[in-house]
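Below are the chains, spelled out letter by letter.
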Amino acid sequence: MAEVKNILLVGVGGQGTILASKILSEGLMDVGYDVKMSEIHGMSQRGGSVTTQVRFGKEVYSPIIGKGQADILVAFETMEALRWLDHLNPYGKIVVNDYQIPSAPILTGKKDYPEGVIERIKAKVDTTVLDAANIAERLGNAKTMNIVLLGALVKAIGLEAINWEDIIKKNVKEKFIDMNIKALKTGMDSL
Amino acid sequence: MKKLLTGNEAVARGAFEAGITFAAAYPGTPSTEILENIAPYKKEITAEWAPNEKVALESAIGASIAGARALAAMKQVGVNVAADPLFSFAYTGVNGGIVLVSADEPGIHSSQNEQDNRMYAKFAKVPMLEPSNSQEAKDMVKIAVETSEKYDTLVLLRMTTRICHSKSLVELKEREEVGKKDYIKNPQKYATTPAYARGMRVNIERRLKTLVDASNESELNYFEWHDKKIGIISSGVAYQHAKEVFGDRASYLKLGFTFPLPMKKIQKFAAQVETLYVIEEVEPYIEEQIKAAGIACIGKEKIPNIGELNADIIAKVLLGEERPVIECDASDVVSRPPTLCAGCPHRGFFYELSKKKNVMVTGDIGCYGLGVADPLNTVDTIICMGASISAGHGAQKAFNRHNTNTRVVSVIGDSTFFHTGINSLLDVSYNRSNTVSVILDNRITGMTGHQENPGSGYTLQGMPTKDIDIPNLCKAMGIENVKVVNPLKLNEVKTTLNWALELDEPSVIVTRWPCVLKKHSEIDIEEFGDYKGLCSVDVDQCIGCKKCIKTGCPALQFDKKSKKVKIDKIQCIGCEVCVQVCPVNAINKVGE
């Protein structure tokens, strides 16, 4: 099944991982791939960890990406990158957003946010670090952070040829289309 | 045309294509999106949120008996609530075709248990179909409805989280308009009096025999011949995991019609393969029946019956294969549990309740279950929908009889109160209890993502409707002590809790404030106004006592170095709970 590619997106509820995965999956479908996308939501809406998994190729069976299987891991939040690193293929790539969202035990002062996460990951695997929040803010809307990261992912995995503008047009409200297309392009150029 | 659909979206499309005209459900993860995606077919289908799953199934049963094609959908534990009509309706049979969708949750992502509802098909003796992707989910709705009409029985469509919430490609078709069958009065068929039921009981066994033939002949149960050293029998998402691991290295008997099992096909398959594996998630439902038929197979002695299955587990236990992983120290990664949102109206209430001593708090199913977690640590028990009030009543009676002066406070949401809390409150009233029942009315069904309910003023398909008055409903049920409070005003909450705990009679406190994530309707804005301004910490005033941190608001962070609290401007909505908690007035509202 080597021809099936595995993309794992991890983040925190409210960061827009699901919309990014949806746009990604529809783009892959449009160019003729078999695609499966799996997500866990429910309680995770309330500030918990969110993962979406996108698998594509000629024919995809299981919707779930196993340990050591992801060809690319996109972490929308820094600590989540470390939490899910064991799912990345040792020869895979990781895109890490340099953006920290402290979880409840950190907020209450019971635990500390782990230090040196990005350095630890860089020492192990092909790593791209992005300050997507800053990039999105400079583009005029911090909420497009997810699309900036999607752009970086598209570049990292070599899917630039897909007509992403069309897919974005279908998935976001009209007044946000231009902003999101700009975010995607900036994300692609940041690699 | 092909579309990328989740299993739930595919079931909704299947309902449309199959000519279904009535659908009902109670929201519950992972089933909620089925009815949400049926709702837009307003012209073709009447789609409704029922107050609970029993009512949803019963209304679908009524539509079927009247001659319409019908569907009811619910999460796995919802079928427990609907079990009563399910078992009787299995006796009477149908008029219009009817499908019951059960969305199970291996792995317990957002539920209270991991029950395997395939057992219900065998228990109630109704046929069952199990899709393994979205295309099958859509197609099987139509097959289920046709099977229902042909064999005069409800059909169970059993899904799991990874089918419900995974997207895969689906070929869409046109709707088949079938109209409504005639309704002919026939109590011998539809009235389960003992005399008639005994006849129905005999019919069920006769029906089961014809269903065995149907399962053996069904195209949903098919062989995939490759290498015959290993043979795999599997269904649902487990089949996809098995294919992922074995590919063409094994032969498969893929099962889609899983009750009754196609034992002839199973025997034929078993006879031709050297080693037979049964790969299924959670219980050994298929395996036990195969072994009972005297066929040797390997199943749960190797494959775990706890938790979600995946390809990694199968590869490890059956082939001893494991992929290399990146070794990296992640021991300091901190857990990320779900929390009540910043501005959640439940926070202020729980904060005040957490200060009460000698109180047992019986909780219920909903966001407010998070009241069990640190730092609020308020809720003692969570059993099932509605149990807060009735389990609370039983606990209070036990405390009272044994002269223990512990008081019970039962905590339930508005939608859960409508679901089964009403019956429980009748118990409190009727049996002379003295519990404090708190109805956390956030004007919507929160946890499952904002579904309308009998108290919200709108139907699933957007029609304005009766808005059930909770305080007056409680009074009508004999509760004389009823008060409505604003849960964001801590003094009001505290005084009212003290008032209720002083009483030696039952009381109801309704905390009325909309869910912070809810899009406010015009009526909401009129009653509650809009949020204005944010809360801000004056760092010179802050003494680092962490009192505000004890509210568990995710917008507040204690900075260990400066020993001060800071407030995240993006998350804060200015609910002012922290302002009221601060003992030195270091938190203020700004930007109003």
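Residues numbered from 1 in each chain as written. Chains lettered and ligands numbered in written order. Predicted model: local features only at pLDDT ≥ 70, side-chain atom pairs only at ≥ 80, totals over all residues. Heavy atoms only, no water.

(A) Focus on the environment of B:Leu534. Residue and element names in this part refer to chain B. Looking at the element boundaries, Leu 534 is found in strand 19 (residues 534-537). Along the backbone, Leu 534 and Lys 291 are 243 residues apart, and their C-alpha atoms lie at a distance of 65 Å. The residues touching Leu 534, leaving out its near neighbours within four places in the chain, are Lys 569, Cys 572, Ile 573, Gly 574, Asn 588, Lys 589 and Val 590. (Helix = DSSP H or I, 4+ residues; strand = E, 2+ residues; numbered from the N terminus. Contact = heavy atoms within 4.5 Å.)

(B) Seen up close, the UniProt feature "binding site: [4Fe-4S] cluster 2" (unreviewed entry) in chain B. All names here are of chain B. Under the UniProt annotation, the feature "binding site: [4Fe-4S] cluster 2" (unreviewed entry) is placed at Cys 553, Cys 572, Cys 575 and Cys 578. In sequence the annotated residues extend across 26 residues, while in space they remain close, none of their C-alpha pairs exceeding 10.5 Å. Relative to the helices and strands, Cys 553 resides in the loop between strand 19 and strand 20 (556-559). Looking at Cys 553, the relative accessible area reads 14%, which means it is buried. With near-sequence residues (within four places) excluded, Cys 553 lies in contact with Ala 342 and Arg 347. With respect to the secondary-structure elements, Cys 575 resides in the loop between strand 21 (564-567) and helix 21 (577-581). Under the relative-accessibility criterion, Cys 575 is labelled buried at 16%. Other than its neighbours up to four places away in sequence, Cys 575 contacts Gly 343 and Leu 488. (UniProt positions renumbered as here; feature names shortened; annotations may be inferred. Buried < 20%, exposed > 50% of the residue type's maximum accessible area, 1.4 Å probe, protein only.)

(C) Spotlight on the UniProt feature "binding site: [4Fe-4S] cluster 1" (unreviewed entry) in chain B. Residue and element names in this part refer to chain B. With numbering aligned to this structure, UniProt lists the feature "binding site: [4Fe-4S] cluster 1" (unreviewed entry) at Cys 542, Cys 545, Cys 548 and Cys 582. These annotated residues cover 41 residues of sequence, and their C-alpha atoms all fall within 10.6 Å of one another, placing them together at a single site. Along the chain, the position of Cys 548 falls in the loop between strand 19 and strand 20. Counting through the fold element by element, Cys 582 comes out in the loop between helix 21 and strand 22 (587-590).

(D) Fine view of the pattern of salt bridges. Residues and elements named next belong to chain B. Applying the stated criterion to the full structure yields 40 salt bridges over all chains. Salt-bridge contacts for Arg 118 lead to Asp 116; the nearest nitrogen and oxygen are separated by 2.8 Å. You can call Arg 118 buried: its relative accessible area is 1%. The residue Arg 512 makes a salt bridge to Asp 441 at a minimum N-O spacing of 3.6 Å. In this pair, Arg 512 sits in strand 18 (residues 507-512) while Asp 441 sits in strand 16 (residues 436-441), placing the two residues 71 residues apart along the sequence. Take Asp 441: its relative accessible area is 2%, and that puts it in the buried class. (Salt bridge = Lys/Arg side-chain N within 4 Å of Asp/Glu carboxyl O.)

(E) Main features of the nonpolar core. All names here are of chain B. Leu 35, Ile 38, Leu 71 and Ile 233 are the most contacted members of the largest nonpolar core, which has 91 residues in total. Counting only domains with at least three residues in this core, you end up with domain 1 (2-215) and domain 2 (222-319). The next biggest cluster of nonpolar side chains, apart from the first, holds 44 residues, and it includes Phe 418, Cys 474, Ile 479 and Val 493. (Core = buried A, V, L, I, M, F, W, Y, C linked by side-chain atoms within 4.5 Å. Domains from an automatic or database assignment.)

(F) Broad picture of the domain arrangement of chain B. Per the domain assignment, the segments of chain B are domain 1 (2-215), domain 2 (222-319), domain 3 (345-528) and domain 4 (535-589). A straight line from the C-alpha centre of domain 1 of chain B to that of domain 4 of chain B covers 50 Å.

(G) How the structure looks around unusual backbone geometry. Residue and element names in this part refer to chain B. The residue after Thr 29, namely Pro 30, is reached through a cis peptide bond having omega 5 degrees. Here Pro 30 lies in the loop between strand 2 (22-25) and helix 2 (33-38). Even without being a glycine, Arg 432 presents a positive backbone phi close to 55 degrees. Within the secondary structure layout, Arg 432 lies in the loop between helix 17 (414-430) and strand 16. Taking the relative accessible area as the measure of exposure, Arg 432 reaches 76% and is therefore exposed. Even without being a glycine, Lys 546 presents a positive backbone phi close to 65 degrees. Structurally, the position occupied by Lys 546 is in the loop between strand 19 and strand 20. Lys 546 gets classed as partly exposed once you look at its relative accessible area, which sits at 27%.

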